[in-house]
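Take a look at the letters that make up each chain.
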Amino acid sequence: LTPFSASEEMRSTWQGKAGRSPLQALYESDQFEQSSLQAVHQQRREMLSNICSRYTRKRRLLQPDDLRHLVVDDTHGLLYCYVPKVACTNWKRVMMVLTGQGKYQDPLDIPAHEAHVPSNLRTLSEYSVPEINYRLRSYLKFVFVREPFERLVSAYRNKFTLSYNTAFHKRYGTKIIRRHRQEPSDRALERGDDVRFEEFVYYLLDPRTQQEEPFNEHWERVHSLCHPCIIHYDVVGKYETLAEDANYILQLVGADTSVKFPASSKTTRTTDDMTAQFFQDISPFYQRRLFNLYKMDYLLFNYSIPSYLRIR
């Protein structure tokens, strides 16, 4: 497959089922008239555009491999770039309802593991180059983002502190312990199931890590997964305003009113206070280096430097 340019879709001329752009649809709808949400999303798009123009010197061409995270809904003219640890299981469930031709009615009826089976949803990388360009130009494109360190701690907690994630313990935990723990026990080297957050940070900052392979999607930066300076997203949803933003998108594409985004469980959620506790034992030197690693996500999506960091 040849590389293709994403310049045309930067004009964001999404045509829905009725052949209207998202903004036209907004203006014609009483529901969204003078909507404060509309202003919020306009602001987010402008912020993203400004940061992109300031920090990206040379626009590169997208390769089909860059599009593996873009889930396609041809029925509603929708492209969703999924970011792990940002409500992506629930969004995949919703996409399965939207694309399932009536097979699924309620997103919560779909088991979480089924939402992540690759064959259940098509991604943009599976299409031909002309089909890719058409969808980038014509469909409504959205992504959901989250405070970067909160997302990182959420990934660490999920993948390294839960006993059932043995695949991650074997694949990453054993390597992290071998490289970043002094005098590890034989048991730790074999099982990799007791990685400390500090060791995880050392692993992320170790130059060898990215030389050997790309970051796992659970801790890869959003700008590397979803390419927001090349693909012009119509809606940038935030984890912090998940319910409102999800509802906004579903109304925007004319989804059936029976399709509801699942309410999030607050019980095990990684919060700002919890994230601050994880960073207590990380030295200012490593805090700064880690912040620099995720700096573009902070800038692009307008997150401020966390108050708990000692890097000023």
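See above for the structure.
Residues numbered from 1 in each chain as written. Predicted model: local features only at pLDDT ≥ 70, side-chain atom pairs only at ≥ 80, totals over all residues. Heavy atoms only, no water.

## Regarding unusual backbone geometry
Inference 1: A positive phi angle is found at Q101, which is not glycine, with a value near 50 degrees.
Inference 2: With respect to the secondary-structure elements, Q101 resides in the loop between α3 (88-99) and α4 (112-115).
Inference 3: For Q101, a relative accessible area of 69% gives the class exposed.
Inference 4: At H227, a position not held by glycine, the phi torsion is positive, near 50 degrees.
Inference 5: Inspection of the secondary structure assignment puts H227 in the loop between α11 (222-226) and β4 (235-238). (Helix = DSSP H or I, 4+ residues; strand = E, 2+ residues; numbered from the N terminus. Buried < 20%, exposed > 50% of the residue type's maximum accessible area, 1.4 Å probe, protein only.)

## Topic: the state of the cysteines
A disulfide bridge is the covalent bond that connects two cysteines by way of their sulfur atoms.
Inference 1: Evaluated as defined, the whole model comprises two disulfides.
Inference 2: A sulfur-sulfur distance of 2.0 Å marks the disulfide that ties C52 to C229. Torsion about the S-S bond of the C52 and C229 cystine: about -80 degrees, corresponding to left-handed handedness. With a gap of 177 residues between them, C52 in helix α2 (residues 36-55) and C229 in the loop between α11 and β4 connect regions that are remote in the sequence. Of the two residues examined, C52 and C229, each falls in the buried class.
Inference 3: There is a disulfide in this structure between C81 and C226, and the S-S distance comes to 2.0 Å. Looking along the S-S bond of the C81-C226 disulfide, the torsion reads about -90 degrees, which is the left-handed sense. On the criterion of sequence distance, the pair formed by C81 in strand β2 (residues 78-81) and C226 in helix α11 is long-range, its members being 145 residues apart.
Inference 4: With relative accessibility at 1%, the residue C226 sits in the buried group.
Inference 5: For the chain, the bonded cysteines pair up as 1-4, 2-3 when numbered in the order they occur along the sequence. (Disulfide = S-S within 2.5 Å.)

## Looking at the side chain of R221
Inference 1: Note on placement: R221 falls in the loop between α10 (207-212) and α11.
Inference 2: The class for R221 is buried, based on a relative accessible area of 11%.
Inference 3: Within polar-contact distance, the side chain of R221 engages the side chain of Q210 at 3.4 Å.
Inference 4: The residues touching R221, leaving out its near neighbours within four places in the chain, are R151, Q210, F215, L293, Y294 and D297. (Polar contact = N/O pair within 3.5 Å; in protein donor to acceptor, adjacent residues only side chain to side chain. Contact = heavy atoms within 4.5 Å.)

## A closer look at the nonpolar core
Inference 1: In terms of nonpolar packing, the biggest core is built from 90 residues, with W91, F149, F200, L204, W219, L290 and Y294 touching the most fellow members.
Inference 2: With seven residues, the single largest contributor to this core is α3.
Inference 3: Beyond its immediate chain neighbours, meaning those up to four positions away, F200 contacts L152, Y156, F160, I176, V195 and W219. (Core = buried A, V, L, I, M, F, W, Y, C linked by side-chain atoms within 4.5 Å.)

## Looking at the sheet that holds strand β3 (residues 140-145)
Inference 1: Within the open sheet, the four strands sit side by side as β1-β2-β3-β4. Their pairing is mixed. Taken across any chain shown, the strands that pair with only one partner, and hence form the sheet edges, are β1 (70-73) and β4. Each neighbouring strand pair of the sheet contributes to a mean axis angle of 25 degrees, computed without reference to strand direction.
Inference 2: Sheet topology note: the β2/β3 ladder contains four bridges and is parallel. Bridge pairing links L79 to K141 in β3. (Pairing = 2+ DSSP bridges. Axes fitted to C-alpha atoms, helices over the stretch in contact; angles between N-to-C directions.)

## Looking at the pattern of salt bridges
Inference 1: Under the counting rule described, the total for this entry stands at 19 salt bridges.
Inference 2: Here R68 and D65 are joined by a salt bridge, their closest N and O atoms 2.9 Å apart.
Inference 3: Classification of R68 by relative accessible area gives partly exposed; the value is 45%.
Inference 4: Taken together, the shared-partner salt bridges connect R171, K175, R179, E212 and E213 into one network. (Salt bridge = Lys/Arg side-chain N within 4 Å of Asp/Glu carboxyl O.)

## Points about the packing of aromatic side chains
Inference 1: Under the definition given, this model contains 28 aromatic pairs.
Inference 2: Their ring planes at 20 degrees and their centres at 4.9 Å tell us that Y80 and F142 sit as a pair that is stacked. Residue Y80 is found in strand β2, and its partner F142 is found in strand β3; the two are separated by 62 residues along the sequence.
Inference 3: Look at F142 and you get buried, because its relative accessible area is 0%.
Inference 4: Between the NZ or CZ atom of R122 and the centre of the ring of Y127, over which it lies, the distance is 4.1 Å.
Inference 5: Geometry around Y303 places K238 over its ring, the cationic atom sitting 4.2 Å from the centre. (Phe/Tyr/Trp six-rings, centres within 6.5 Å; stacked < 30°, edge-to-face > 60°. Lys NZ or Arg CZ within 6 Å of the ring centre and 35° of its normal.)

Read these as geometric descriptors, not functional statements.
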